[in-house]
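Residue strings, one per chain:
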Amino acid sequence: MTNNRLEPHARDLLTQSRLFAIPKSASDPAPHPLAIAEPLLKLANLYQLHGLQESLFDHFRPLQEAVRSPSGCEKAIHVLNAALEARTLTGPSLPAVLLADASNAFQSVPRTEVLSRLFEIQELSALHGIASFIYSSPSSLVV
Amino acid sequence: MHPTFVQSIEGLDVSAKAYADDFSAVATPALLLEVISRLLNSIYGLNLSKTKLLWPHSADPPTDFLEPFTRLGVQFVRTGARLLGGFITVPSDEQVLAATDHLRSVVASHEPMISALSHPSMRKQDSLLLLRYCTVPTLSFHARSTPPIVAAAPFNEFDSKITQCVFEKLLFF
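Throughout this document, residue positions are counted from 1 along each chain, in the order its sequence is written. Chains and ligands are labelled by the order in which they are written, letters from A for the one and numbers from 1 for the other. Where local features are concerned, this predicted model is filtered to residues with pLDDT of at least 70; where side-chain atom pairs are given and counted, the filter is 80 or more; whole-chain, interface and lining totals use all residues. The side-chain figures draw on all heavy atoms in the structure; neither hydrogens nor water molecules are used.

Draft legend 1. Quick look at the interface of chain B and chain A. Residue contacts follow a heavy-atom distance rule, with two residues in contact if any of their heavy atoms lie within 4.5 Å. Residue-level contacts link 53 residues of chain B with 38 residues of chain A. Salt-bridge detection follows one rule: a side-chain nitrogen of Lys or Arg within 4 Å of a carboxyl oxygen of Asp or Glu. Seen at the junction of chain B and chain A, the total is three salt bridges. Between D13(B) and R87(A) there is a salt bridge whose closest N-O contact spans 3.1 Å. N or O atoms within 3.5 Å of each other form a polar contact, as long as, within protein, one can give a hydrogen and the other can take it, and as long as residues adjacent in sequence are counted only when both atoms are side-chain atoms. Between chain B and chain A we count 20 residue pairs in polar contact (both at pLDDT 80 or more) in total.

Following this line, the structure appears as structure tokens:
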């Protein structure tokens, strides 16, 4: 899996996901799709990510807190609250806060775009094989 | 999404954080308008009906402040707003009250779970394990991300509910 050398049939079985429709939250009860990946695939991913903590952190900091950033949500909340307070107290004009929602972020980008961007990053070359294994062709969804 | 988010704030005096596809920024309204414009021109685009602009101050915003945002369809909110499961506002009396209300609603949302765990049909061991591993940890996140001045009262209410649930299980069934 990590070197992308498995037979296509094995690849199809390992990259398929089980699809569930669940409510996102109490305030948004409409069903949202949730795909659960194969545990073996997750294990291979974790194996490749092991040792890349610093490279990933360097690549995504200081903006992105979802990747290899322990307690990233809490950090983001504290940083933004502190920035709001500081700019309110010291800034030349009062600040506002933008809470942006990207349109269908995980479905709108072509896989070729994702892979070509990843392949440009040499520090993350350990992920190139498994990313190609997962995203180079469509995956099945099992209901 | 990372390059898009980075480009949206490049060269601007903006404090920003992203968590996966959630992106939040603090700056003057004029700069935030520029950020929105850059995000709209990216390959992802923005879901404007779910995008919010928060004005957390007691003073009214400048008269020409809202027009460009409402024209785009961005929701305008006052006082405070939910952010990544937490809450963002400025620390003044009115805003602290809003944050406390938000946390009270979080505590109240646990009612069905606590009530189910207190049900006579729920076995003691199952109930206590679910309480320990599934119910209590959700408030731990808020304990780490909310100032004590905001959290004290709602957390006391939550503690009382949990204690009552444990006593009912241990003493009466």
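Draft legend 2. Examining the pattern of salt bridges more closely. All names here are of chain A. Applying the stated criterion across every chain, the model contains 13 salt bridges over all chains. Note that R61 is salt-bridged to D58, the shortest N-O span being 3.1 Å. Judged by its relative accessible area of 47%, R61 falls in the partly exposed class. Judged by relative accessible area, D58 falls into the partly exposed class, the value being 42%. Burial classes follow relative accessibility: with a 1.4 Å probe on protein chains only, a residue under 20% of its type's maximum area counts as buried, one over 50% as exposed, and anything between as partly exposed.

Draft legend 3. Quick peek at the sheet that holds strand β4 (residues 141-142) of chain A. All names here are of chain A. Strand order in the open sheet formed by three strands is β2-β1-β4, and the pairing between neighbours is mixed. The open sheet has two edge strands with one neighbour each: β2 (31-37) and β4. In short, DSSP must find at least two bridges between two strands for them to pair. The way it works is that DSSP assigns letters per residue, a run of H or I at least four long becomes a helix, a run of E at least two long becomes a strand, and they are numbered from the N terminus. As paired elements, strand β1 (residues 17-23) and β2 share seven bridges and run antiparallel to each other. Bridge pairing links L19 to A35 in β2.

Draft legend 4. Spatial organisation of the pairing of strand β4 (residues 75-78) of chain B. Residue and element names in this part refer to chain B. In this structure, strand β3 (residues 52-55) lies alongside β4, joined through four bridges in parallel fashion. Pairing of L54 across the sheet is with V77, part of β4. In terms of handedness, the path from β3 via helix α3 (residues 67-72) over to β4 forms a crossover that is right-handed. Every crossover in which the path from the first strand over the helix to the second runs clockwise, viewed with the strands pointing away from the viewer, is termed right-handed.

Draft legend 5. Representation of the pairing of strand β2 (residues 22-27) of chain B in the model. Taken across its six residues, β2(B) has five buried, putting it largely inside the fold. Here six bridges tie strand β3 (residues 96-101) of chain A to β2(B), and the two strands are oriented antiparallel to one another. Along β2(B), the bridge assignment pairs D101(A) with D22(B). Taken together, the five bridges between strand β1 (residues 15-19) of chain B and β2(B) define a ladder with antiparallel strand orientation. When the bridges of β2(B) are listed, K17(B) appears paired with S24(B). Between β1(B) and β2(B), which pair antiparallel in sequence order, lie two residues; one of them, A20(B), sits at a positive phi of approximately 55 degrees.

Draft legend 6. Spotlight on the environment of I36(B). For I36(B), the position within the fold is in helix α2 (residues 29-40). For the pair I36(B) and A152(B), spaced 116 residues apart in sequence, the C-alpha to C-alpha distance is 36 Å.

The quantities given are spatial measurements derived from coordinates; they are silent on function.
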